[in-house]
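# Remarks on the overall topology
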Amino acid sequence: MAKILAAMSGGVDSSVAAALLLEQGHEVVGAYMKNWTNEEGLPGDCPWEQDIRDARAVCESLGMEFRILNLMDAYRDRVVDYLLSGYDSGVTPNPDTMCNREMKFGILRDYALHQGFEGLATGHYARLRTNQDGSRDLLRGSDGNKDQSYFLALLRQEQIREAWFPIGDLPKPRVRELAARFGIPVAEKKDSQGICFIGDIRMSDFLAHFLPESPGDIVTPDGRVVGRHRGLHFYTLGQRRGVGVASNQHGKAFVVVAKRREPNHLVVALEAPDTPLLWATRCRVGSLGVTNRPLQKIGRLSAQPRYRCPAVRVQVNDWSPEGDADSFVMTFATPQRALTPGQVCAFYEDDVLVGGGVFEEIFAEEAPAEAEKSTVAEPGEGAIFPATLPGEEWVTTQG
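Right, let's walk through the structure included here. As the structure is a computational prediction, the values presented were derived from the model and not from experiment. (Residues numbered from 1 in each chain as written. Predicted model: local features only at pLDDT ≥ 70, side-chain atom pairs only at ≥ 80, totals over all residues. Heavy atoms only, no water.)

## As for the nonpolar core
One finds Leu5, Met103, Leu138, Leu152 and Phe206 to be the most contacted residues of the largest nonpolar core, which totals 65 residues. Setting aside chain neighbours within four positions, we find leucine 152 in contact with Asn100, Phe105, His124, Ala126, Leu138, Phe165 and Leu353. Counting residues in hydrophobic clusters, the runner-up holds 32 residues, among them Ala2, Ile4, Ala19 and Tyr125. (Core = buried A, V, L, I, M, F, W, Y, C linked by side-chain atoms within 4.5 Å. Buried < 20%, exposed > 50% of the residue type's maximum accessible area, 1.4 Å probe, protein only. Contact = heavy atoms within 4.5 Å.)

Listed below in structure tokens is the structure:
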């Protein structure tokens, strides 16, 4: 049996993960990461105090030791500053993936090892597989509707080696059932829908507090001015709601297709099968990392450009001879809608997460024929698109 530190969020997933480990006979200690307390008074719900009470109540009900770790300074340095600098530079960052790499499997993992724990457990819907050479592969969660492996795309092998994902083989309804069987106090608690460890605060409100408005023109691809925007950082590619430009064509809405920093123009076009600048197959991905094997050794490489989006076969166009390039240009087998600089691209071989990177440059092209498109749920239709829509959506937390 192992001595494991369980990351407790106060939610049902991490609580059931800890309970399962205890049932298996492991020695488990719960830890809550205190990352944000909304001292700025931003509008929205930042329930950190309630989350601590819930996490403590769960640990007490399970007979576990409970610890609170104040990581606010590190969170601001490693996640919040990354988020704000990204938006300020014109890209759309992904704070959840960065929080996993830098906080949960970074600082918290280091704390666990320093304290003599053999592993770190979280409530992610993902699975692990140990190979003959002792390395570990990270796989999609069994529940395809809840799979959260995408958010772990930037993890490295040394971080995966000590990871435990006790609920990765379970569907969400079964997790709820187990929570009731274990008598967990948060068995019926709703899933969080906020920025990672910050709470249910709208991204637009968060950005407005830290980044000044920088108004400019909203233009069409041919340069026609159709409105004014508050600042490019309040918008992301593919966004339809909250653009601020009304359409005079029935059944059609304006969609953001480009952000031009030099003239401070937000470029929009009516959503249609032939919308210019919206579709692309070629892109450059940088900040590359792998979970185990080099990407060059992956036989069938697929890429998932955002959460709740299918992975699509890709061809890499400029592998470096040594396989150590920090970026490469790749081509999707089917055109993708609104590929977004700053967002994380997760790489898979079948169900195995093999690495990840960050979109750096998108080479837009003519819109594809209807049958060739990669279908993605739109904002307001059951998916976050992309992972952060500052004008309209919540950012889905995980684990």
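Now that the structure has been shown, the text picks up again.
## Quick notes on helix 7 (residues 203-210)
Regarding helix 7, the residues found buried are Met203, Ser204, Phe206 and Leu207. Along the long axis of helix 7, the arc covered by the buried residues comes to 160°, so they all point the same way. Looking at the buried side of helix 7, the elements it contacts are helix 3 (72-89). (Helix = DSSP H or I, 4+ residues; strand = E, 2+ residues; numbered from the N terminus. Arc of directions from axis to C-beta.)

## Considerations on helix 1 (residues 12-23)
The end-to-end C-alpha distance of helix 1 is 16 Å, a good match for the 16 Å that twelve residues give at a rise of 1.5 Å each. Here helix 1 lies mainly inside the structure; ten of its twelve residues are buried. Here helix 1 has its buried residues at Val12, Asp13, Ser14, Ser15, Val16, Ala17, Ala18, Ala19, Leu20 and Leu21. (Expected span 1.5 Å × (residues − 1).)

## Re the pattern of salt bridges
Scanning all chains against the criterion turns up 20 salt bridges. Taking the shortest distance from any N to any O, the salt bridge between arginine 109 and aspartate 110 comes out at 3.2 Å. Arginine 230 is paired through a salt bridge with glutamate 213; the nearest N and O atoms lie 3.3 Å apart. Of this pair, arginine 230 sits in the loop between strand 9 (225-229) and strand 10 (254-260) while glutamate 213 sits in the loop between helix 7 and strand 8 (216-219), and the two are 17 residues apart along the sequence. A relative accessible area of 35% means that arginine 230 is categorised as partly exposed. A single network of salt bridges, built from pairs that share partners, joins Asp13, Lys146, Lys172, Arg176 and Asp191. (Salt bridge = Lys/Arg side-chain N within 4 Å of Asp/Glu carboxyl O.)

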